[in-house]
Amino acid sequence: VAQDGKTITVVLRENIRWHDGANLTADDVLFTVHLLQDPNAASPLRGSFRGVTVERVDERTVKFTIDRPLAVFLSALTVGILPEHLWIDTPPTHLPLAELNLRPIGAGPYRFVGLTKDKRGSIRSYTLERYTGSHRSLPFLARITFRFYPESDQLWQALNGREIDGIGTLLSIPEDAIQRRDIVRYPIRLPSATAVFLNQKRNDALRDAAVRRALSRAVDRRALIANVLHGAGEAIGGPPIPGFASVADPPEPDAFDLESAAALLDTAKWSRLSQQTLLATRTSAELRKLEEEKKKAGKPASQRTATDEERQAIEQRVQTEVGQDCAGCAELPYHRMQNGVALTIAITAPDVPELVAMAEHIRDQWRAIGVRARVETVSLERVRGEIIPNRSYDTLLFSQILGPDPDPFPFWHSSQVRHPGLNLSYFSSRTIDKILEEARTTLDREERGKKYAAFQKLLAEEHPAVFLTTPTLTYAITNAVRGVHFGQLTAPTDRLNTIADWYTETERVWKNSK
């Protein structure tokens, strides 16, 4: 790294080969970076490489030039490299559809061998084997099979039945789920935040900070962690920023207080209406609407009043509309109304059982203060491919995992509100923008920590999301596998970073599952 921090020269290791035998060179690095910078590729990492010039010095050397020092740039260089000779003919817009995503050619210690699918086309197993052409020491385990299960009960059953030797899952593992005595549990803490992101552009009610604060206070995080997550998590009041502990730790979460939450909605002029009053108000409005329609149709005044049949039909329709806001949900104690409009919020959640249970927990507590809350479950594939890119949700229950550098810029800067940015709340603050811009350009770690502390304070005042937990994951594996150790993890897959060091006393196929 040059003294001014604007030039970074990277030298590749010697004798790196792709799994098909081709050499990994500086050309592959240039190809990957140019692809990340291509807007048609829609990469969420594009912002990290905006304004970056990359050039080939020789076959193993690449030079990056940036217009100003960036504390986060070295972390951005941990991105995976693509083999140019295999991807060159794939248009950037077709990258997600390429067969190479399922049958990859990499350069790591293990190479892809094969996969199996079920009748619906879902992948059920993935097999890798030791790559003998690796530029590093060969791994001890010769072959690894990953198996995938659609339901958690099937996963626990496979482990207890010794069909698999370990599990890696984003779900919390109940204490009684694992019956085998040879299983060792490894707790893993990731720099991530699970939150309900409040889309202020999609739902006008969420533009009011008082409403956002009320929603946060109405959530019992302790009960959620204990009853839904089986204790696997820690309540948070903001995004974690690892590496800046104590200086920029997230604030304490809002205390659970339904009475205070309800009072905030009162202050925001969301009136409490009983079911009976709401039905009468809606019915009267529909009757007046009918009279206006008859007047426009030219009927005399004596024929504009609703008939008994018309009145009965309107009452039944209003009763149905009011009563069907959320099938199977607890009845609202009262309805929150403002200018004739009910306070209605949909919680979009991926159809992962644990996330759905969390969403239902939150829904019930929001309904306790008169919010017409409901849960909409969507496949994880659709959440990633459609819901998030289009920001088509009122609120979204989702987890954000920070990368190798804890920079919150991609998640909270206003430039990231549109796809492929990751500002899921459509949140905008010029003050926070300025702080985040300054934080990522300073190389002074102490100064950077102060910027993040200011960011945390301002974000907590704005409540753009209802922060819930930072999860504690558990990786469970048989004690027959030795040499298992973990460093600092920034993503769930990082647990496999040291897999080349794992071994068994006698060589055998090791099977893992997610």
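Residues numbered from 1 in each chain as written. Predicted model: local features only at pLDDT ≥ 70, side-chain atom pairs only at ≥ 80, totals over all residues. Heavy atoms only, no water.

Asker: Hey, could you run me through the sheet that holds strand E2 (residues 53-58) in this one?
Answerer: The strands making up a sheet are joined through hydrogen bonds of the backbone, oriented either antiparallel or parallel. Here three strands make up an open sheet; going across it, the order is E1-E3-E2 and the pairing antiparallel. The open sheet terminates on both sides in strands that have one partner only, identified here as strand E1 (7-11) and E2. For this sheet, the mean inter-axis angle between neighbouring strands, taken without regard to orientation, is 20°. Note: E2 against strand E3 (residues 61-65), five bridges, orientation antiparallel. Looking at the pairing, Thr53 lines up with Thr65 of E3. In this fold helix H1 (residues 26-37) packs onto E2 and E3, with an angle of close to 170° to the strand it touches most, E2. (Pairing = 2+ DSSP bridges. Helix = DSSP H or I, 4+ residues; strand = E, 2+ residues; numbered from the N terminus. Axes fitted to C-alpha atoms, helices over the stretch in contact; angles between N-to-C directions. Contact = heavy atoms within 4.5 Å.)

Asker: What is the right way to read the environment of Leu459 from this model?
Answerer: Tracing the backbone through its elements, the reader meets Leu459 in helix H14 (residues 445-462). What makes Leu459 buried here is its relative accessible area of 3%. Placed 209 residues apart in sequence, Leu459 and Pro250 show a C-alpha to C-alpha distance of 9.7 Å. With sequence-adjacent residues up to four places away left out, Leu459 is seen in contact with Pro239, Trp412, Phe427, Ile432, Pro464 and Phe467. (Buried < 20%, exposed > 50% of the residue type's maximum accessible area, 1.4 Å probe, protein only.)

Asker: For this particular structure, what's the right way to read unusual backbone geometry?
Answerer: Note: most residues except glycine have negative phi, and most peptide bonds are trans. Omega for the bond connecting His419 with Pro420 falls within 30 degrees of zero, at 10°, which places this linkage in the cis form. Note on placement: Pro420 falls in the loop between helix H12 (409-412) and helix H13 (430-441). One non-glycine residue with positive phi stands out, namely Lys269, at about 70°. Among the secondary structure elements, Lys269 is positioned in the loop between helix H7 (258-267) and strand E11 (271-273). Positive phi values are uncommon outside glycine, yet Arg391 reaches one of about 50°. Looking at the secondary structure, you find Arg391 in the loop between helix H11 (380-390) and strand E16 (395-401).

Asker: Sorry, what's going on with the sheet that holds E11 here?
Answerer: Taken together, the three strands give an open sheet; going across it, the order is E11-E12-E13, and neighbouring strands pair in antiparallel fashion. The open sheet has two edge strands with one neighbour each: E11 and strand E13 (341-342). In this sheet, E13 lies alongside strand E12 (residues 335-338) in antiparallel orientation, the contact comprising two bridges. Counterpart to Gln338 in the pairing with E13 is Val341.

Asker: Please clarify how the packing of aromatic side chains should be interpreted in this entry.
Answerer: By convention here, two paired aromatic rings are described through the distance between centres and the angle between planes. Overall, the coordinates contain ten aromatic pairs when judged by the stated rule. On the numbers, 6.1 Å between centres and 35° between planes, the contact of Phe197 with Trp412 is tilted. Taken as a pair, Phe197 in strand E9 (residues 192-198) and Trp412 in helix H12 lie far apart in primary sequence, 215 residues in all. Here Tyr475 and Trp502 contribute two aromatic rings whose centre-to-centre distance is 6.2 Å and whose plane-to-plane angle is 35°, an arrangement assigned as tilted. With Tyr475 in strand E17 (residues 465-478) and Trp502 in the loop between strand E18 (481-482) and strand E19 (503-504), this pair connects stretches of sequence that are 27 residues apart. (Phe/Tyr/Trp six-rings, centres within 6.5 Å; stacked < 30°, edge-to-face > 60°.)

Asker: How do you make sense of the side chain of His361 when you look at a structure like this?
Answerer: Structurally, His361 can be placed in helix H10 (residues 353-367). Note on His361: relative accessible area 16%, which makes it buried. A polar contact is formed between the side chain of His361 and the backbone oxygen of Asp220, at a distance of 3.2 Å. Aside from chain neighbours lying at most four places away, what touches His361 is Asp220, Ala223, Leu224 and Val228. (Polar contact = N/O pair within 3.5 Å; in protein donor to acceptor, adjacent residues only side chain to side chain.)

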